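Descriptive structure summary
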Amino acid sequence: MAALVAMSLAACGGANHPKSVRATPTTTGAVPTSSTRMAAPAPAAWVTYGQDSARHGVDSSAPPVGEVRPLWTSSKLDGAVYAEPLVVGSAVIVATEDDSVYALDATTGSLRWMRHLATPVAGSTLPCGNIDPSGITGTPVAD
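Concerning the confidence of the model for the chain
Per-chain confidence: the chain averages 75 in pLDDT, with 69% of residues scoring 70 or above. Across residues 1–43, confidence stays below pLDDT 50; counting only partners more than four residues off in sequence or on other chains, it has 18 contacts.

Regarding the layout of surface pockets
Of the volumes computed, that of the second largest pocket is approximately 480 Å³. In the lining of the second largest pocket, the residues fall into 9 nonpolar, 1 polar and 3 charged.

Focus on the pattern of salt bridges
Side chains that carry opposite charge are capable of pairing whenever their charged atoms lie near each other. Taken as a whole and assessed by the stated rule, the structure comprises 1 salt bridge. The salt bridge partner of Arg112 is Asp105, with a shortest N-O separation of 2.9 Å. By relative accessible area, Asp105 is classed as buried at 16%.

Some remarks on the sheet that holds strand S4 (residues 111–116)
Strands belonging to one sheet form pairs held by backbone hydrogen bonds; the direction of such a pair is parallel or antiparallel. Pairing in this open sheet of 4 strands is antiparallel, and the strands run S1-S2-S3-S4 from one edge to the other. Two strands lie at the open edges of the sheet, namely strand S1 (86–88) and S4, each paired on one side alone. The mean inter-strand angle of the sheet, taken between neighbouring strand axes irrespective of direction, is 20 degrees. Relative to S4, strand S3 (residues 100–105) runs antiparallel, the two being bridged by 5 bridges. By the bridge assignment, Tyr102 is partnered in S4 with Met114.

Concerning the side chain of Asp99
The residue Asp99 is located in the loop between strand S2 (91–95) and S3 in this model. Despite its burial, Asp99 pairs with no opposite charge, the nearest such side chain being Arg115 at 15 Å. Those residues within four positions of Asp99 in sequence are excluded, and the remaining contacts are Arg115, His116, Leu117, Ala118, Thr119, Pro120, Gly135 and Ile136.

Considering unusual backbone geometry
Note that the residue after Asp132, namely Pro133, is joined by a cis bond; omega there is 0 degrees. If you trace the backbone, Pro133 turns up in the segment after S4. Even without being a glycine, Gln51 presents a positive backbone phi close to 80 degrees. Looking at the secondary structure, you find Gln51 in the loop between helix H1 (2–12) and S1. If you check the backbone angles, Arg55 has positive phi at about 60 degrees while not being a glycine.

Some points on the nonpolar core
Core analysis: the largest hydrophobic core is formed by 8 residues, namely Trp46, Leu86, Ala91, Ile93, Ala95, Val101, Ala103 and Ile136. Put simply, the parts of the chain that give this core at least two residues each are S2 and S3. The biggest single contributor to this core is S2, with 3 residues. Ala95 has contacts with Ala80, Val81, Ser100, Val101, Ile136 and Pro140, leaving out every residue within four places of it along the chain. Ranked by size, the runner-up nonpolar core spans 5 residues in total, among them Leu77, Val94, Tyr102 and Leu104.

Regarding the side chain of Thr48
By the secondary structure assignment, Thr48 is in the loop between H1 and S1. A polar contact of 3.2 Å, which involves the side chain of Thr48, links it to the side chain of Arg55.

Criteria and thresholds
Residues numbered from 1 in each chain as written. Predicted model: local features only at pLDDT ≥ 70, side-chain atom pairs only at ≥ 80, totals over all residues. Heavy atoms only, no water. pLDDT = per-residue confidence, 0-100. Contact = heavy atoms within 4.5 Å. 1 Å grid on protein atoms, 1.4 Å probe; cavity = no way out; pocket = protein on both sides within 12 Å on 5 of 7 lines; lining within 4 Å. Points joined across faces, edges and corners; volume = space filled by probe spheres on them. Nonpolar A, V, L, I, M, F, W, Y, C, P; charged D, E, K, R; others polar. Salt bridge = Lys/Arg side-chain N within 4 Å of Asp/Glu carboxyl O. Buried < 20%, exposed > 50% of the residue type's maximum accessible area, 1.4 Å probe, protein only. Pairing = 2+ DSSP bridges. Helix = DSSP H or I, 4+ residues; strand = E, 2+ residues; numbered from the N terminus. Axes fitted to C-alpha atoms, helices over the stretch in contact; angles between N-to-C directions. Lys, Arg positive; Asp, Glu negative; His and termini not counted. Core = buried A, V, L, I, M, F, W, Y, C linked by side-chain atoms within 4.5 Å. Polar contact = N/O pair within 3.5 Å; in protein donor to acceptor, adjacent residues only side chain to side chain.

Set out below in structure tokens:
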């Protein structure tokens, strides 16, 4: 219950634009030390918000950006997307406000798999916010 209250209060402090909402990282286990450093993601991996744990937002192995245009569009997802999609290998992982997670082929956009995880919370039952329904709003991390 305390976690639900904390999440509700955290949601109240955010701005209206989903990209301006920032989560405060917490740890529940051992914190890596200099002798237990976590391995860097493989080139072209984008497995967390901002590409890496320092939130640099840059993939230095990527080629220079030229003309930017969509490569593909996905089929209809079951909810709004506020979380940053992640690139993991040859898949794009997308989480929706309907509490579903999708894996789309990074080259074609075709659906690889989809899992509906829970029932989203009706916005009218929350003390604040403008997301209705409220499901997976934060960017997941791929491991």
